[in-house]
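Structural description and commentary
Below, each chain spelled out in residue letters.
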There are 2 protein chains.
Amino acid sequence: MAIEQTWRWYGPNDRITLEDIKQTGATGIVTALHHIPNGEVWTKEEIIIRKKMIEDAGLSWSVVESVPVHEDIKKQTGNWKLYIKNYQQSIINLGECGINTICYNFMPVLDWSRTDLNSSFEDGSLALIYEQKVFAAFDMFILKRKGAENDYSQKIQDQAKAYFESLDSEGIETLTNTVIKGLPGAEESYTLEQFQSVLDAYSGIDNATLKKHLEDFLKEIIPTAEQAGVKMAIHPDDPPWGLLGLPRVVSTLEDAKNIISTIDSISNGITLCTGSWGAGYFNNLSVMAEELSHRINFAHLRNVKRDTDYNFNEDYLFNGDVDIYSVLKTIVKEEEKRKKEGRTDCSIPVRPDHGNQMLGDIGQDNNPGYSLYGRMKGLAEIRGLELGIRRSLSE
Amino acid sequence: MAIEQTWRWYGPNDRITLEDIKQTGATGIVTALHHIPNGEVWTKEEIIIRKKMIEDAGLSWSVVESVPVHEDIKKQTGNWKLYIKNYQQSIINLGECGINTICYNFMPVLDWSRTDLNSSFEDGSLALIYEQKVFAAFDMFILKRKGAENDYSQKIQDQAKAYFESLDSEGIETLTNTVIKGLPGAEESYTLEQFQSVLDAYSGIDNATLKKHLEDFLKEIIPTAEQAGVKMAIHPDDPPWGLLGLPRVVSTLEDAKNIISTIDSISNGITLCTGSWGAGYFNNLSVMAEELSHRINFAHLRNVKRDTDYNFNEDYLFNGDVDIYSVLKTIVKEEEKRKKEGRTDCSIPVRPDHGNQMLGDIGQDNNPGYSLYGRMKGLAEIRGLELGIRRSLSE
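Residues numbered from 1 in each chain as written. Chains lettered and ligands numbered in written order. Predicted model: local features only at pLDDT ≥ 70, side-chain atom pairs only at ≥ 80, totals over all residues. Heavy atoms only, no water.

**Here we look at the confidence of the model for chain A**
- On average, residues of chain A score 94 in pLDDT, and 97% of them reach the 70 mark or higher.
- For this predicted complex, the interface score ipTM comes out at 0.95, while the overall pTM is 0.96. (pLDDT = per-residue confidence, 0-100.)

Structural data, given as structure tokens:
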């Protein structure tokens, strides 16, 4: 009985090979068919090719992260009904190929957001950070978004103004690229004009509407997933608050409870991402893990330091505001509980989430956050922590 | 309250820099002044230069590994009394420079022994192994040691003969070099003729005599260490059995108990090396840690798989015949006990011992066993395990 130690792999183009991943100690792969356009069906042929590649390396394809949800589904516009049908078919195909956990998110436009992808740590490594003043500078002075002045505290508005005034044209370009060019895992990247137009497309969609669209989506896909023997695992918003006036509906414990109560099924679960939810000072991950434990289908473990001004930086696994020990203990106890209930799917896949770029990672072509050594360190810390927890519980 | 996470560094010539070590998460350095000839005094000037180098990198010099014990002290020949005086002075100088833990060993001739330094693991990494038949082949057919036929079981003798017959001249040279050219941390390296002569010098020294010489040494240095505020930490024999007819006196729990009972003092402690003692199928490290806990001044954590034919291979920290969880739990409990007793020196330095060569280590100039990434993985596993144990104990 053990958690399944997994690793996110970006596929054959990832500089980190399956052979590398084996040496980190991971046994399960988390990946997606990034080459299939958003909205199209993942065919069994394509799934089987990728699965074989992974199994030939002595690993298994444990989790899909992600089957992307088309923007039209979030907005209920255009071909959204077709895209849901396609999504259902992808779930069925994955289930038939023996891949039983699918991570997805319901964030409009932006998959995740940071303001610096190479922030220097004291020890010489590099990490991702988010500074609200920097994001606000983009929002208020580059995007010139109407109503932006209502989203930020006066303190942040003042900081944003001073920050923007300090930038030269190169700084402005860097900031723009950091926000809108997409981060790994994001399925889209935009020009500034395109970006404004996709934002505009959400102008009539508030949180209540987006929540309704998510519920509609769940009602379509969860019964399919149940039949296919697939567990869906919705990923939190990152960061867990509204950005650029876009709606957000997976940001808090309340949000997560609403989602899992929409359809009470083990196929309707969550990805417990301690870093995404943990970036919000209002989220207590120890409590969230406990309250949602029966619906944790997948977990991302990383830590953040955060403040009440909506700033945060990613940090080493045991340094930060999330109590990783208590979260992992909840996961371990949940697994034991499932085992007692006689479930065969009691092992919960867990992956180290972002890791600092460190040592041999530096200067390499890293997907931001997805370093080799930083994540290997995180995975090893998780492995040790799990052993300490599990053995202690059994004494 | 936490163990002190340390890292063995071979000094300015080590390809792994202090800046690298910081990123692994270690805070303490374990090192020695390898450039000072065996037997000579470590002057305060030399100690301070090294100490400053370490502190300038934001680390601290936690443990000396090792101040070598001159062969003349082990044999009580030649200048052995002078060498003891010099050893005492080195202890005093280290204490005055604020370096308070000294690891040392009392193994004649061979510091440690393996038969393959680059054995392939299934995952593509490389590890150190010891095969008794290979060592016996060196002993019986290269060294042609008289009496060798009495040390090995008939099975091993047969295997050794067949193995030796399979070697070409290059194979014989490689085997010879592996055994006698010295491993990292060993202070000497020999030609075959020199090697035979240093073995001959021990011909009159059996275990009882070596034990007496160790006791004599302890009676001289432990009072000095006490006065200097220094804790000595004798390292186990590696492997923990006689090799080439040489005496061995730090191989078992009984040996260790004899040593610490010679002078009952916190300055007369041990290095709990789970890999060295763990290579012997007759050693139960969980029991040894418990029984010796009050005298653990330093710990090396690594794991081995072993058998009753005296073969072993180094393995990842949680794979193997040593129960690392129970050993580290004993260390953590010992620290808590010391804290309750009001001791100020309650934190026990622990280092990841050998690690596989993996990922970016491969092809680098690694001191055998002393890889960057393999050890970083081990240290991270220790860090996680400690957190799991300590938090569980406090609940």
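Once the structure has been displayed, the description carries forward.
**Overview of the interface of chain B and chain A**
- Counting residues at the interface gives 33 residues for chain B, matched by 33 residues for chain A.
- Between chain B and chain A, roughly 2800 Å² of surface is buried when both sides are summed, and carbon and sulfur atoms account for 59% of that area.
- Three residues, B:Gln23, B:Tyr325 and B:Leu359, lead the burial of chain B against chain A; their summed loss comes to 26% of the area buried on that side.
- There are 6 salt bridges connecting chain B and chain A.
- Between B:Asp323 and A:Arg391 there is a salt bridge whose closest N-O contact spans 2.8 Å.
- Run the count over chain B and chain A and you get 21 residue pairs in polar contact (both at pLDDT 80 or more).
- Mapped by element, the contributors of at least two residues to the side of chain B that touches chain A are α1 (18-24), α14 (324-340) and α15 (373-393) of chain B. (Contact = heavy atoms within 4.5 Å. Buried area = accessible area lost by both parts, 1.4 Å probe. Salt bridge = Lys/Arg side-chain N within 4 Å of Asp/Glu carboxyl O. Polar contact = N/O pair within 3.5 Å; in protein donor to acceptor, adjacent residues only side chain to side chain. Helix = DSSP H or I, 4+ residues; strand = E, 2+ residues; numbered from the N terminus.)

**Looking at empty space enclosed by the protein**
Residues and elements named next belong to chain B.
- The full count for this structure, using the stated rule, is 15 cavities of 30 Å³ or more.
- Space inside the second largest cavity adds up to approximately 180 Å³.
- As for the second largest cavity, its lining consists of 20 residues, and the residues nearest its centre are Arg8, Glu65, Trp112, His235 and Tyr370.
- For the lining of the second largest cavity, the residue count by class is 6 nonpolar, 7 polar and 7 charged. (1 Å grid on protein atoms, 1.4 Å probe; cavity = no way out; pocket = protein on both sides within 12 Å on 5 of 7 lines; lining within 4 Å. Points joined across faces, edges and corners; volume = space filled by probe spheres on them. Nonpolar A, V, L, I, M, F, W, Y, C, P; charged D, E, K, R; others polar.)

**Structural notes on the domain arrangement of chain A**
All names here are of chain A.
- For chain A, the assigned domains read domain 1 (4-112 + 204-394) and domain 2 (116-200).
- Between domain 1 and domain 2, the residue contacts involve 32 residues of the former and 33 residues of the latter.
- Counting the surface lost from both domain 1 and domain 2, the interface buries some 2700 Å², and carbon and sulfur atoms represent 60% of this.
- Of all residues in domain 1, Val109, Trp112 and Leu244 bury the most surface against domain 2, accounting for 24% of the area lost on that side.
- In this structure, the connection of domain 1 to domain 2 is made through 1 salt bridge.
- In this structure, Lys155 engages Asp309 in a salt bridge whose closest nitrogen and oxygen atoms are separated by 2.5 Å.
- Connecting domain 1 to domain 2 are 9 residue pairs in polar contact (both at pLDDT 80 or more).
- When residues in the side of domain 1 that touches domain 2 are grouped by element, the largest group, 4 residues, is from strand β11 (residues 312-315). (Domains from an automatic or database assignment.)

**Things to note about the relation of the copies chain B and chain A**
- Superposing chain B onto chain A requires a rotation of 180° together with a translation of 0.0 Å along the rotation axis, leaving an RMSD of 0.0 Å. Such a turn and shift between the copies fits a two-fold axis. (Least-squares fit on C-alpha atoms with pLDDT ≥ 70 in both.)

**Comments concerning the pattern of salt bridges**
- Within the structure shown, the criterion is met by 62 salt bridges over all chains.
- Two residues, A:Arg302 and A:Asp238, come together in a salt bridge whose shortest N-O distance is 3.4 Å. One end of the pair, A:Arg302, is in the loop between β9 (296-301) and β10 (303-306); the other, A:Asp238, is in the loop between β7 (231-235) and α11 (253-262), with 64 residues separating them in the sequence.
- The exposure class of A:Arg302 is buried, given its relative accessible area of 2%.
- As a salt-bridge pair, B:Asp361 and B:Arg15 come within 3.1 Å of each other at their nearest N and O atoms. (Buried < 20%, exposed > 50% of the residue type's maximum accessible area, 1.4 Å probe, protein only.)

**Section: the side chain of B:Glu386**
Residue and element names in this part refer to chain B.
- The residue Glu386 is located in helix α15 in this model.
- Here the side chain of Glu386 touches Arg390 through a polar contact of 2.7 Å, side chain to side chain.
- The residues contacting Glu386, other than those within four sequence positions of it, are Ala2, Ile3, Gln5, Leu328 and Val332.

**Notes on the packing of helix α5 (residues 132-142) of chain A against helix α7 (residues 154-166) of chain A**
All names here are of chain A.
- Relative orientation of the contacting elements α5 and α7 amounts to 75°, with a least axis distance of 8 Å. Classified by the angle their axes make, α5 and α7 are roughly perpendicular. Two secondary-structure elements touch here, α5 through Gln132, Lys133, Val134, Ala136, Ala137, Met140, Phe141 and Ile142 and α7 through Ile156, Gln157, Gln159, Ala160, Lys161, Tyr163 and Phe164. (Axes fitted to C-alpha atoms, helices over the stretch in contact; angles between N-to-C directions. Parallel < 35°, antiparallel > 145°, perpendicular 65-115°, else oblique.)

**Re the pairing of strand β12 (residues 349-352) of chain B**
All names here are of chain B.
- Residues Pro349 and Arg351 line one face of β12 and the alternating positions Val350 and Pro352 line the opposite face, and both faces are buried.
- Strand direction decides the pairing type here: strand β1 (residues 4-8) and β12, joined by 2 bridges, are parallel. Opposite Glu4, over in β12, you have Pro349 as the bridge partner.
- Summarising the sheet, strand β9 (residues 296-301) and β12 pair through 3 bridges and their orientation is parallel. Its bridge partner lying in β12, His300 is registered against Arg351. (Pairing = 2+ DSSP bridges.)

**Some points on the sheet that holds strand β5 (residues 116-120) of chain A**
Residues and elements named next belong to chain A.
- Read from one edge to the other, the open sheet built from 4 strands follows the order β5-β6-β11-β10, with strand pairing classed as antiparallel. At either end of the open sheet lies a strand with only one pairing partner, and these are β5 and β10. Here the average twist between neighbouring strands, direction ignored, is 40°.
- Pairing between strand β6 (residues 126-130) and β11: 2 bridges, direction antiparallel.

**Digging into unusual backbone geometry**
- For the peptide bond that leads from A:Asp238 to A:Pro239, omega is -5°, which places it in the cis range.
- The residue A:Pro239 is located in the loop between β7 and α11 in this model.
- Phi is positive for A:Leu359, close to 50°, though the residue is something other than glycine.
- Of note in the backbone geometry, B:Lys144 takes a positive phi value of approximately 50° without being a glycine.
- Assignment of secondary structure puts B:Lys144 in the loop between α5 (132-142) and α6 (148-151).
- When its relative accessible area of 61% is taken as the criterion, B:Lys144 is described as exposed.

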